[in-house]
Amino acid sequence: MGKVDLTGRDFLTLKDFTSEEIEYLIDYAKELKDKKKKGERVDNYRGQNVALIFEKTSTRTRCSFEVAAHDLGMGSTYLDPKSSQIGKKESIADTARVLSGMFDGIEYRGFGQEIVEELAKYSKVPVWNGLTDEYHPTQMIADMLTIKEKFGKLKGIKLVYMGDARFNMGNSLMIACSKLGMDFVACTNKDYFPEKELVDLCLEYCKESGATVTLTEDVKVGTKDADVIYTDVWVSMGEPDNIWEERIKALLPYQVNKEAMSNAKQAAIFMHCLPAYHDLKTEVGREVFEKFGLSEIEVTNEVFESEQSVVFEEAENRMHSIKAIMAATLKPSV
Ligand code: CP
Ligand code: NVA
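Note that the structure is predicted; figures quoted are calculated from it, not measured. All residue numbers refer to position in the chain's written sequence, counted from 1. Key to labels: chains lettered from A, ligands numbered from 1, both in the order written. Only residues with pLDDT of 70 or above have their local features reported here, since the model is predicted, and side-chain atom pairs are shown and tallied only from 80 upward, although totals for entire chains, interfaces and linings are computed over all residues. Just so you know, side-chain values use all the structure's heavy atoms and leave hydrogens and water out.

Draft legend 1. Looking closely at the packing of aromatic side chains. Here a Phe, Tyr or Trp ring, Trp counted by its six-membered ring, pairs with any other such ring whose centre lies within 6.5 Å, and the pair is stacked when the planes are under 30 degrees apart, edge-to-face when over 60, and tilted otherwise. With the rule as written, the count across this model stands at seven aromatic pairs. Here Y161 and Y230 contribute two aromatic rings whose centre-to-centre distance is 6.0 Å and whose plane-to-plane angle is 35°, an arrangement assigned as tilted. In this pair, Y161 sits in strand β5 (residues 158-162) while Y230 sits in strand β8 (residues 228-231), placing the two residues 69 residues apart along the sequence. Here Y161 and Y230 have matching classes, each one buried. Measuring from centroid to centroid gives 5.8 Å for F304 and F312, while their planes differ by 85°, and the two rings are edge-to-face. The classification of residues rests on relative accessible area computed with a 1.4 Å probe and restricted to protein chains. Under 20% of the type maximum is buried, over 50% is exposed, and intermediate values are partly exposed. For F304, a relative accessible area of 5% translates into the label buried. Working rule: Lys NZ or Arg CZ, within 6 Å of ring centre, within 35 degrees of ring normal, means a charge sits over the ring. Taking NZ or CZ as reference, R62 lies 3.5 Å from the ring centre of Y78, over its face. The residue whose ring lies beneath K179 is Y205, and the NZ or CZ to ring-centre distance is 4.2 Å. Only DSSP runs of H or I covering at least 4 residues are called helices, and only runs of E covering at least 2 are called strands; the numbering of each starts at the N terminus.

Draft legend 2. Quick look at the nonpolar core. In this text, buried Ala, Val, Leu, Ile, Met, Phe, Trp, Tyr and Cys residues form a nonpolar core when linked through side-chain atoms within 4.5 Å. The biggest cluster of nonpolar side chains holds 65 residues, and the ones touching the most others in it are M144 and M326. Here a residue-residue contact requires only that any non-hydrogen atoms of the pair lie within 4.5 Å. Once residues lying within four places of it in the same chain are set aside, the contact partners of M326 are V50, F65, A68, A69, L72, M74 and W128. In this structure, C187, V256, A276 and F304 belong to the second largest nonpolar core, which totals 20 residues.

Draft legend 3. Representation of helix α6 (residues 168-179). In this model α6 runs 17 Å from its N-terminal to its C-terminal C-alpha over 12 residues, within 8% of the 16 Å that 1.5 Å per residue would give. With 12 of its 12 residues buried, α6 lies for the most part within the structure. Three or more residues of α6 are buried, namely N168, M169, G170, N171, S172, L173, M174, I175, A176, C177, S178 and K179. Downstream of α6 by a residue or two, G181 has a phi angle that is positive, lying close to 75°. The span expected for a helix works out to 1.5 Å for each residue beyond the first.

Draft legend 4. Inspection of the side chain of T146 at higher detail. On the secondary structure map, T146 appears in helix α5 (residues 137-151). By relative accessible area, T146 is classed as buried at 0%.

Draft legend 5. Up close: the site of ligand 1. Every residue close to ligand 1 is listed here: S58, T59, R60, T61, R109, H136, Q139, C273, L274 and R318. R318 places a polar side-chain atom, nitrogen or oxygen, 3.1 Å from an oxygen atom of ligand 1. Counted by class, the shell around ligand 1 contains two nonpolar, five polar and three charged residues. Any residue with a heavy atom positioned within 4 Å of a molecule or strand is treated as near that molecule or strand. Pairs of N or O atoms are called polar contacts if they sit within 3.5 Å, as long as, within protein, a hydrogen donor faces a hydrogen acceptor (for residues adjacent in sequence, only side-chain-to-side-chain pairs). All residues other than Ala, Val, Leu, Ile, Met, Phe, Trp, Tyr, Cys, Pro, Asp, Glu, Lys and Arg, Gly among them, are scored as polar; the first ten of these are nonpolar and the last four charged.

Draft legend 6. Representation of the site of ligand 2 within the structure. As a matter of local geometry, ligand 2 sits amid L131, F167, N168, D232, V233, S236, M237, C273 and L274. In the model, a nitrogen atom of ligand 2 is placed 2.6 Å from a nitrogen or oxygen of the D232 side chain. Residue composition of the shell around ligand 2, by class: six nonpolar, two polar and one charged.

Draft legend 7. Focus on the sheet that holds strand β7 (residues 212-216). Spatially, β7-β6-β5-β8-β9 is the arrangement adopted by the five strands of the open sheet, whose pairing is parallel. Only two strands of the sheet have a single neighbouring strand rather than two, namely β7 and β9 (269-272). Ignoring strand direction, the axes of neighbouring strands in this sheet form an average angle of 20°. Where β8 meets β9, four bridges bridge the pair, whose relative direction is parallel. Looking at β9, one finds that V228 is bridged to I269. Contacts from α5 reach β5, β8 and β9 within the one sheet, and its direction differs from that of β9 by about 170°. Any two strands between which DSSP finds at least two bridges are classified as paired. Lines are fitted to the C-alpha atoms to define the axes, a helix being fitted only along its stretch in contact, and any angle between axes, read from their N-to-C directions, falls within 0 to 180 degrees.

Draft legend 8. Structural detail: the side chain of K179. Its location among the elements puts K179 in helix α6. For the purpose of counting charges, residues Lys and Arg are taken to be positive, whereas Asp and Glu are taken to be negative. His and the chain ends are not included. Whenever a carboxyl oxygen of Asp or Glu lies within 4 Å of a side-chain nitrogen of Lys or Arg, that contact is scored as a salt bridge. Despite its burial, K179 pairs with no opposite charge, the nearest such side chain being E21 at 7.3 Å. A polar contact is formed between the side chain of K179 and the backbone oxygen of L14, at a distance of 3.5 Å. Among the polar contacts listed, one links the side chain of K179 to the backbone oxygen of K15, at a separation of 3.2 Å. Ignoring anything within four residues of it in the chain, the contact list for K179 reads L14, K15, F17, S19, I22, Y205 and S209.

As structure tokens, then:
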């Protein structure tokens, strides 16, 4: 596929990739998805093994790496948040050197971005970022694939992110959109706008791609004629529970509800990386309801369950895109 060659590369943040490389991964994910649907085998990475380190919990990312590794013919070893020596008894640098002697690639989900960067620095094999506080790059390939499948293009698509725009999802979407020629809007309380330094960097990407980046507190302006309305949880993994009150106060005006969706284009879609708090069927959802009387949080159940919601297709695309990222950065065995 073209002249893009990502063999041996780490996948830590989309800042490290050109728009051409990102587009290649999106199209490769689509190719692998089509092959999977047709039952075509892609197991030409037989005999290789990947380590999956999770210092935070996961459903989608873990399952995607495991299923994708299996489909590619590889073995996988899952290291859960508690049962390895990482960080407590063994440094990241030592862990990287131990694991890269046994495995062909390493996935890492954890806290600060500097940890996955350190792991990559000492690893001899590709390291893939499965989410840090700052970035969630594998999610971006799945999200952009989902948008491309729905609209047939990425350039010129207006994506509005509502909620906490200064954490992993807001940051990553702003980077992806600005590299791919899209119109990114962070529509939220100004205390939750992305950091100025990252905004400035993305404005540089915009000059090359024709994208735009807008920060607004005005829901009517922000959601006007949007193609995609995107949100994420208001309190992320690793943040303290006592922050809910402050978040609800600041972000409730930015809940994705019917009114926000009806201000977008008629063909607009709703996206969410998941997991989502849209009803009382989760422990956290019930706790928030008991304390604050809010039965749906970042998105209403009506929008989540609507025809416009593509969240489960988006979740499936995690697997196809993670498969593309692993296949592109590893060397096939056969
Ligand atoms: N979207 C996402 O990363 O989901 P998990 O936390 O379940 O992996
Ligand atoms: N912002 C969320 C994303 C989960 C996929 C978190 O970090 O918990």
